[in-house]
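Each chain, written out:
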Amino acid sequence: MNFAIPDMAPALPEMFVLGMACLVLLVDLFVSDRGRGATYVLSQATLVGALFLTLGGTPEPVVTFSGTFVRDALSDVLKAFIYGVVFFVFLYSRDYLRDRGIYRGEFFVLGLFGVLGMMILVSAHSLLTVYLGLELLSLSLYAMVAMQRDSVLASESAMKYFVLGALASGMLLYGMSMLYGVTGTLDIAELSRAIAGVEDRTVASFGLVFLIIGVAFKLGAVPFHMWVPDVYHGAATSVTLYLGTAPKIAAFGMLMRLLVDGLGSMQADWGPILVILAVLSMAIGNVVAIAQTNLKRMLAYSTISHVGFLLLGVLTGTPDGYSASLFYVLVYAVMGLGAFGMILLLARAGFEADRLEDFKGLNERSPWFAFMMLVVMFSMAGVPPFLGFWAKLYVLLEAVRADLVWLAVAAVVFSVIGAFYYLRVVKLMYFDQPAEPVPLQAGADMRVMLSANALVVLALGIWPGSLFALCEAVF
Amino acid sequence: MTAEQFFFYAFAAMTVASAAMVITVRNPVYAVLSLVLTFVASAGLWLLLEAEFLAIALVLVYVGAVMVLFLFVVMMLDINLARLKEGFIRYLPLGVAVAVAMALMMALVVGPEHFGLERVPAPERHGPEYSNTEALGRVLYTVYVYPFEIASVILTVAIVAAIALTLRRRPHTKYQNPDEQIAVRREDRVRLVSMKPERRE
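The shown structure was predicted, so the numbers you read here are calculated from the model rather than taken from an experiment.

What counts as what
Numbering of residues starts from 1 in each chain and follows the order in which that chain's sequence is written. Here the convention is simple: chains get letters from A, ligands get numbers from 1, in the order in which they are written. Reporting of local features is limited, given that this is a predicted model, to residues whose pLDDT is at least 70; pairs of side-chain atoms are given and counted only at 80 or more, and all residues count toward the totals for whole chains, interfaces and linings. Water and hydrogen atoms play no part in the side-chain values, which are based on all heavy atoms of the structure. Runs of H or I in DSSP of at least four residues are treated as helices and runs of E of at least two as strands, each being numbered from the N terminus. Every helix has an expected span of 1.5 Å times one less than the residues it contains. Here the term buried applies to any residue with accessible area under 20% of the maximum for its type, exposed to any over 50%, and partly exposed to those in between, with areas from a 1.4 Å probe on protein chains only. By definition here, a salt bridge exists when the distance from a side-chain nitrogen of Lys or Arg to a carboxyl oxygen of Asp or Glu is within 4 Å. Only buried Ala, Val, Leu, Ile, Met, Phe, Trp, Tyr and Cys residues count toward a nonpolar core, and they belong to the same one when joined by side-chain atoms within 4.5 Å. Pairs of residues are marked as contacts when any of their non-hydrogen atoms sit within 4.5 Å. Note on aromatic contacts: the rings of Phe and Tyr and the six-membered ring of Trp form a pair at centre separations within 6.5 Å, being stacked when their planes are under 30 degrees apart, edge-to-face when over 60 apart, and tilted otherwise. We call a charge positioned above a ring when the Lys NZ or Arg CZ atom is no farther than 6 Å from the ring centre and deviates by at most 35 degrees from the ring normal. Here the quantity called buried area is the total loss of accessible area, with a 1.4 Å probe, experienced by two parts when brought into contact, counted for both. Each residue gets one label: Ala, Val, Leu, Ile, Met, Phe, Trp, Tyr, Cys and Pro are nonpolar, Asp, Glu, Lys and Arg are charged, and the others, such as Gly, are polar.

A. Fine view of helix α15 (residues 367-381) of chain A. All names here are of chain A. Compared with an ideal rise of 1.5 Å per residue, which puts 15 residues at 21 Å, α15 spans 21 Å between its outermost C-alpha atoms and is within 8% of the ideal. Burial analysis of α15 places 12 of its 15 residues in the buried class, which makes it a mostly covered element. Residues of α15 that are buried include every one of Phe369, Ala370, Met372, Met373, Leu374, Val375, Val376, Met377, Phe378, Ser379, Met380 and Ala381, and no others.

B. Highlighting the pattern of salt bridges. All names here are of chain A. Considering all chains together, one arrives at 21 salt bridges over all chains under this definition. Among the ionic pairs, Arg71 bridges to Asp76, the shortest N-O distance being 3.3 Å. A salt bridge links Arg297 to Asp230, with the shortest nitrogen-to-oxygen separation between them at 3.0 Å. Remark: Asp230 occurs in helix α9 (residues 227-234) and Arg297 occurs in helix α12 (residues 295-314); sequence separation between them is 67 residues. Ionic contacts of the salt-bridge type, sharing partners, join the residues Glu156, Lys160, Asp230 and Arg297 into one network.

C. Structural context of the nonpolar core. Residues and elements named next belong to chain A. Counting 192 residues, the largest nonpolar core has Leu263, Trp270 and Leu312 as the members making the most contacts within it. Tallying contributions element by element places helix α13 (residues 319-346) first for this core, with 20 residues. Apart from residues no more than four positions distant in its own chain, Trp270 is found in contact with Leu208, Ile212, Leu259, Val260, Leu263, Val314, Leu315, Gly317 and Tyr322.

D. Representation of the packing of aromatic side chains in the model. Residue and element names in this part refer to chain A. Applying the stated criterion to the full structure yields 32 aromatic pairs over all chains. Here Phe65 and Phe69 contribute two aromatic rings whose centre-to-centre distance is 6.1 Å and whose plane-to-plane angle is 85 degrees, an arrangement assigned as edge-to-face. Residues Phe65 and Phe69 agree in their burial class; the two are buried. Plain terms: the ring middles of Phe88 and Tyr92 are 5.9 Å apart, the flat faces sit at 75 degrees to each other, and that makes the pair edge-to-face. In this pair, Phe88 and Tyr92 both sit in helix α3 (residues 73-99), 4 residues apart, roughly one turn of the helix. Across the pair, exposure class does not vary: Phe88 and Tyr92 are buried alike. Taken together, the ring pairs connect Tyr40, Phe90, Tyr103, Phe107 and Phe108 into an aromatic cluster. The ring of Phe351 has Arg348 sitting right over it, with the charged end atom 4.4 Å from the ring centre.

E. Representation of the interface of chain A and chain B. Contacts between chain A and chain B engage 36 residues on the former and 27 residues on the latter. Between chain A and chain B, roughly 2,800 Å² of surface is buried when both sides are summed, and carbon and sulfur atoms account for 80% of that area. The tally of links from chain A across to chain B stands at 0 salt bridges. At the level of elements, α1 (12-30), α4 (105-122), α5 (127-146), α6 (152-183) and α8 (202-219) of chain A are the ones that each hand at least two residues to the side of chain A that touches chain B. Looking at the side of chain A that touches chain B, the element that brings in the most residues is α5 of chain A, giving 9 residues. For the side of chain A that touches chain B, the class distribution of residues is 23 nonpolar, 6 polar and 7 charged.

In structure tokens form, the structure reads like this:
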């Protein structure tokens, strides 16, 4: 049997992250609780190094490892944003974890392994790698949610996440097995060729439904959203921050790999399914968020509605639609970082700051950060000229261009309903009296980076062209 | 019906029946034993597919090691059977209705006419010189090296997660130090105090 050694250079970022994650695991054994800074610095260095390795790659697409791995423009952009988002997550989480006595190396190690899972997922070129990447990511996330052992709420939400996640994995595998039965291949490019030649597509579309269920669960689209509010609420806020931002980028990558790269010729089948998911997500997400008094739960429902918008671009089945969705998911990740980061900023030892009333009168306590929160909330609501407005505008334009005017109208109506709960936060900050006028206690790095985060939302909102050009160049 | 078909249907029926028992029997120990039977029956199905190595690995690793460990865990746990059964009757009609509707819909959408040998040709039969173990060994570290490595990373994460979730360092736990106990002197433990006698006024 002849076997050529695969070209390993395209997978250099993956190998680097894996090696460094193992190194961090070992180094963490030998540092005391006071020296945990070493673990933190090494983890951040891993992300920065991986970013350089990813940006230094060749621009043309490469498929290697016997067709199980692909590196192209889409994977590079998604990976670069995943590193960036996780870098901010680690930075925001440090003080919060320390105050709660869970500032341990495992948070960073599992976080890095989760990053590796996301990288594998967005670079997958085989159904097998999609599944393995998803499991690696999910396993790290389950453990991170459960890490706050003494909290009943965290254990309960980890259990829910684990059981529902296992069920969704089972659905995904079932769908994959059906597709394998029809085409006889796991390779995504070969799958796409084989599907185009299949006449009787009943079994393939049957498998497709289960595939979509698996992806919709990961994204948190209605009706597979039941875990989202409970897990976001129950997990420690730093874990929620991780869970709510970077994995959404990876789930978008998974959606593109499976539906567009693999089953692009079945767009007529999956388009209508995504329409249903999108409408339900926008409706339930926006309406139920109004009734929430807990900010984490409110943001969880807001995530669900954003996922609805995200699907709006993909379901058109055009390259322009995909780049609009890519733009949306990147923008969402940046805004989500800002919103959850703000909860972490206000939190201190023994105080979670995750209720809406905790934001009352923030303007009196810190006018600067009240303004930052205003930027993020306006952006999420889609008020021009903030970044979220452009994201919504682009996906709506693509929906109209695909002759789905009714869908675009519904999306606008739901986002107007949704604007209510974002503006309520702004009203609480500016027009209500603070319950306890204590000054903020966050460290300087957190203040600077969170301000930078919100200012990026503002600046990219005024000049959205560069980010959008990047997204257009991918497809 | 050929002998192969007979064995296929026998093992398939056993798999489905024992899998149903896993979730319907009341005693968790019986559920674990039913799961063992499910694994053995699916190992039989794999043997029919000429995947001998996988079939034997399934029996040795899952049935022999994992499930025995699992059985011990289930026996150690103090499971309240009455609480497990709580709400069973209440959710039964809804659950059965959903399950029946799902099964009917799936059968209507993908009926037997979409499968069968004329649609999906049977895999080629190998002669007695064919070795499944050798075939696996040839591809596992070459063609499938990337998925194989990812699987090993997943196992590493599982170990890290399991230890992070269960290891407890308890600095305040009280324990005996035999060295100190042996080396103890009377002066360390007993103190002679001379007290003034109390005077009754």
